[in-house]
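Coordinate inspection notes
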Amino acid sequence: MTSLPMFNAEVFNSINQKGLIFFVRNNLLSDSDRAFKHISDFMLALILTLVLSPFLFGLYAWVWIATDGKPIFRQKRIGQDGQVFKIYKFRTMRADAAEQLDKILAEDPDAREEWERDRKLKNDPRITRIGQFLRRTSLDELPQLINVLRGQMSLVGPRPIIEEEIVAYGEYIDYYQQVRPGITGLWQVSGRNELSYAERVQLDVWYVRNWSLELDLIILTKTFVAVLLRKGSY
């Protein structure tokens, strides 16, 4: 494996001052750790899918009615080793979301600056009413259990990115591509959308270098609490 850059200590320490980082020592760059994590992910995702199946079918029907029969959103994301896969989510945006985004960015300089910085818009007019609820509760992410069962994602890992975001990772992109992206991750329980993109990248790097099963369990627990409190979500 080629030598990877260290994470940015200055950015990392600024996040840590908020008391959100868990100091566990291990790393996810070894083949044995990745294999163990993959098996654990698959077993837990299978259990969750079976237990939540009635709830998932209910959500599917609700979104199906609200979106005129188009409840599942699919989008290409970058996965482990740079492989492209299609991520699954419950649809939260209007059908013409792509065209609307181009119009918004062309007409609103502040929105364009926010999008270029964070790849998100805090007040996004493309999101439907049911989509707002799904996003604030993070329930739109549940179909990604299928991605985990297919071996494309992990329950916990770096946030899955699109091709245009690779440049934002800069020299740290190799960390991202060493592992499977996750349904949830360290940045989601450390402020979510309140964090800058640079802080998200450093959290991803730290997670890959310091992974442990204990850390994954802590993040999953904190994700449940963050969803209940809806903190930092939009």
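Worth saying up front: this structure is predicted, and the values here are computed from it rather than measured.

Glancing now at the nonpolar core. Ranked by internal contacts, the top residues of the largest apolar core, which has 32 residues, are Leu-155, Ile-161, Tyr-169, Leu-186, Tyr-207 and Ile-219. Breaking this core down by element, the ones donating at least two residues are strand 2 (84–90), helix 6 (144–149), strand 3 (154–156), helix 8 (173–178), helix 9 (197–209) and helix 10 (213–229). Element by element, the count of residues in this core is highest for helix 9, at 7 residues. Not counting residues within four places of it along the chain, the set of residues in contact with Tyr-207 comprises Leu-28, Lys-37, Val-156, Gly-157, Pro-158, Leu-186, Leu-215, Asp-216 and Ile-219. In terms of nonpolar packing, the next biggest core, distinct from the first, is built from 8 residues, Tyr-88, Phe-90, Leu-134 and Leu-139 among them.

A word on the UniProt feature "transmembrane region" (unreviewed entry) in the protein chain. UniProt's feature table lists "transmembrane region" (unreviewed entry) at residues 42–67, given in the numbering used throughout. Across residues 42–67, helical content stands at 96% and strand content at 0%; the span's end C-alpha atoms are separated by 30 Å.

Inspection of the secondary structure puts Asp-41 in helix 2 (residues 31–66). With 141 residues separating them in the primary sequence, Asp-41 and Gly-182 have C-alpha atoms 9.9 Å apart. When sequence neighbours within four positions are dropped, the list of residues in contact with Asp-41 reads Val-148, Ser-154, Leu-155 and Val-156.

With that out of the way, let us pick up the environment of Gln-202. Take Gln-202: it is sitting in helix 9. Taking the C-alpha atoms as reference points, Gln-202 and Trp-187, separated by 15 residues in sequence, lie 9.1 Å from one another.

Judged from the 7 bridges that link them, strand 1 (residues 72–78) and strand 2 form a sheet pairing that is antiparallel. Bridge pairing in strand 2 places Ile-72 opposite Phe-90. In this structure, the hairpin formed by strand 1 and strand 2 is closed by a connection of 5 residues, where Asp-81 is found at a positive phi of approximately 60°.

Criteria and thresholds
- Residues numbered from 1 in each chain as written.
- Predicted model: local features only at pLDDT ≥ 70, side-chain atom pairs only at ≥ 80, totals over all residues.
- Heavy atoms only, no water.
- Core = buried A, V, L, I, M, F, W, Y, C linked by side-chain atoms within 4.5 Å.
- Buried < 20%, exposed > 50% of the residue type's maximum accessible area, 1.4 Å probe, protein only.
- Helix = DSSP H or I, 4+ residues; strand = E, 2+ residues; numbered from the N terminus.
- Contact = heavy atoms within 4.5 Å.
- UniProt positions renumbered as here; feature names shortened; annotations may be inferred.
- Pairing = 2+ DSSP bridges.

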